[in-house]
Amino acid sequence: MFDKLFIRNAIDRSAENGVDRRKFLRAAGVTTVGAGLAGGGLLAGGVLNPAAAETGPLGLDLDLGLGHEDHHGSQPSDGAVLNFALNLEYLEAEFYLRAVRGYGLAATEVLGKGKPGAVRGGRKVKFQTKAVKAYAEEIAADELAHVRFLRKALGGAAVARPAIDIDAAFTAAATAAGLIKPGQKFDAYANENNFLLAAYVFEDVGVTAYKGAAPLISNKTYLEAAAGILAVEAYHAANIRTSLVAAGLEVPSVAISNARDSLDGKTDLDQGVTFKGKTNVVPTDANGIAFSRGADQVLNVVYLTPKKATKGGFFPAGVNGSINTSRANG
């Protein structure tokens, strides 16, 4: 998929020092015949400090920054990127599982590195539309599978599920979007329409997060997996956006889109399910390409703040792992 120049550039970005870089290159077969990225053995030749490293089942070094601030702005490790994604998958899985079955992840599916946390809010939704109920059940199953996949890929380096708020956070988000007045409550599980609007808060963010993370992933095996998850998240987003149009919820969707834009930066990229007077199920730029969010921008949205922060919103104690800080916008 990618030529050797791309591989070399990715390795240059992610290796901590010259010794690591040579080992990455040798293992990738760029300077010598080696294991290659596609085989997943990116660190087959070993790491500089094996005692300090965590490895996943595919042999990838996952501890080039896990558990502390990420190397003063340097390229994060693949493990750090995947753990950031795992935090988001925990959130989505808990939201959808509660909607379709009334309870979330099992205790054995949330343990790991970092401070574990409980989940506040959520209950089974009384769906009125057969299609929306089917979408919700399928998405819930997919998000559960994503959590299990990422935890397996990360192995002992997987972070624990952080504290998650899917109660007060949705009220704050709905207030910011102008869907309710200050002091009122938005219950994401009260009815089908509320559920769709709440799901819309997440789905587009998931797509843009995975697209933004793709250039950061050096290992081709993990990159392919992330691309597969991105594709599934895009299918989910299209289902939710189509359902919003069918339910006549275009106006509140635009309000949510505007609220997200107010959090993640000055550039107006986010698009509601109507755009320039037309139905807009697939939000793209002029080239038909979905836009990206950096991890810090994603955290602005889920922390519900345009400021630099390490916690807030849906993650009241922050996310686990080294990628944990939103940026100051404005």
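Here, the structure is the one placed above.
Conventions used here
- Residues numbered from 1 in each chain as written.
- Predicted model: local features only at pLDDT ≥ 70, side-chain atom pairs only at ≥ 80, totals over all residues.
- Heavy atoms only, no water.
- Helix = DSSP H or I, 4+ residues; strand = E, 2+ residues; numbered from the N terminus.
- Polar contact = N/O pair within 3.5 Å; in protein donor to acceptor, adjacent residues only side chain to side chain.
- Contact = heavy atoms within 4.5 Å.
- Core = buried A, V, L, I, M, F, W, Y, C linked by side-chain atoms within 4.5 Å.
- Buried < 20%, exposed > 50% of the residue type's maximum accessible area, 1.4 Å probe, protein only.
- Expected span 1.5 Å × (residues − 1).
- Phe/Tyr/Trp six-rings, centres within 6.5 Å; stacked < 30°, edge-to-face > 60°.
- Lys NZ or Arg CZ within 6 Å of the ring centre and 35° of its normal.

## Things to note about the side chain of Glu 94
Stage number 1. Relative to the assigned elements, Glu 94 resides in helix α3 (residues 78-101).
Stage number 2. There is a polar contact of 2.8 Å between the side chain of Glu 94 and the side chain of Arg 161.
Stage number 3. Once residues within four sequence positions are removed from consideration, Glu 94 is found in contact with Gly 104, Leu 105, Val 110, Val 119, Arg 161, Ile 164, Ile 166 and Tyr 189.

## A closer look at the nonpolar core
Stage number 1. In this structure, Phe 95, Phe 170, Phe 195 and Phe 314 are the most contacted members of the largest nonpolar core, which totals 75 residues.
Stage number 2. Among the elements of the structure, α3, α4 (130-154), α5 (168-176), α6 (192-213), α7 (220-246), α8 (250-264) and α9 (295-302) are those that each provide at least two residues to this core.
Stage number 3. In terms of residue count, the dominant contributor to this core is α3 (15 residues).

## Here we look at α8
Stage number 1. In this model α8 runs 21 Å from its N-terminal to its C-terminal C-alpha over 15 residues, within 8% of the 21 Å that 1.5 Å per residue would give.
Stage number 2. For α8, the set of buried residues is Pro 252, Ser 253, Ala 255, Ile 256, Ser 257, Ala 259, Arg 260, Asp 261, Leu 263 and Asp 264.
Stage number 3. Buried residues along α8 sit in contact with α5, α6, α7 and α9.

## Let's talk about unusual backbone geometry
Negative phi is the rule for most residues except glycine; trans is the rule for most peptide bonds.
Stage number 1. Even without a glycine there, the phi angle at Lys 276 is positive, about 55°.
Stage number 2. By secondary structure assignment, the location of Lys 276 is in the loop between β3 (274-275) and β4 (278-279).
Stage number 3. Not every positive phi belongs to a glycine, and Leu 304 is a case in point at roughly 60°.
Stage number 4. Mapped onto the secondary structure, Leu 304 falls in the segment after α9.

## Some details on the packing of aromatic side chains
Stage number 1. In this structure the tally under the stated criterion is ten aromatic pairs.
Stage number 2. With a centroid separation of 5.5 Å and an interplanar angle of 5°, the aromatic rings of Phe 95 and Phe 195 are classed as stacked. Highlighted residues: Phe 95 in helix α3 and Phe 195 in helix α6, separated in sequence by 100 residues. Considered together, Phe 95 and Phe 195 belong to a single accessibility category, that of buried residues.
Stage number 3. Pairing Phe 170 with Phe 202 gives two aromatic rings, centres 5.5 Å apart and planes at 55°, and the pair type is tilted. Here Phe 170, found in helix α5, pairs with Phe 202, found in helix α6; they are 32 residues apart in sequence, far enough to count as distant.
Stage number 4. What makes Phe 202 buried here is its relative accessible area of 5%.
Stage number 5. Aromatic ring contacts, followed pair by pair, group Phe 95, Tyr 96, Phe 127, Phe 170, Tyr 189, Phe 195, Phe 202 and Phe 314 into a single cluster.
Stage number 6. Lying across the ring of Tyr 200, Arg 260 places its NZ or CZ 4.4 Å from the centre.

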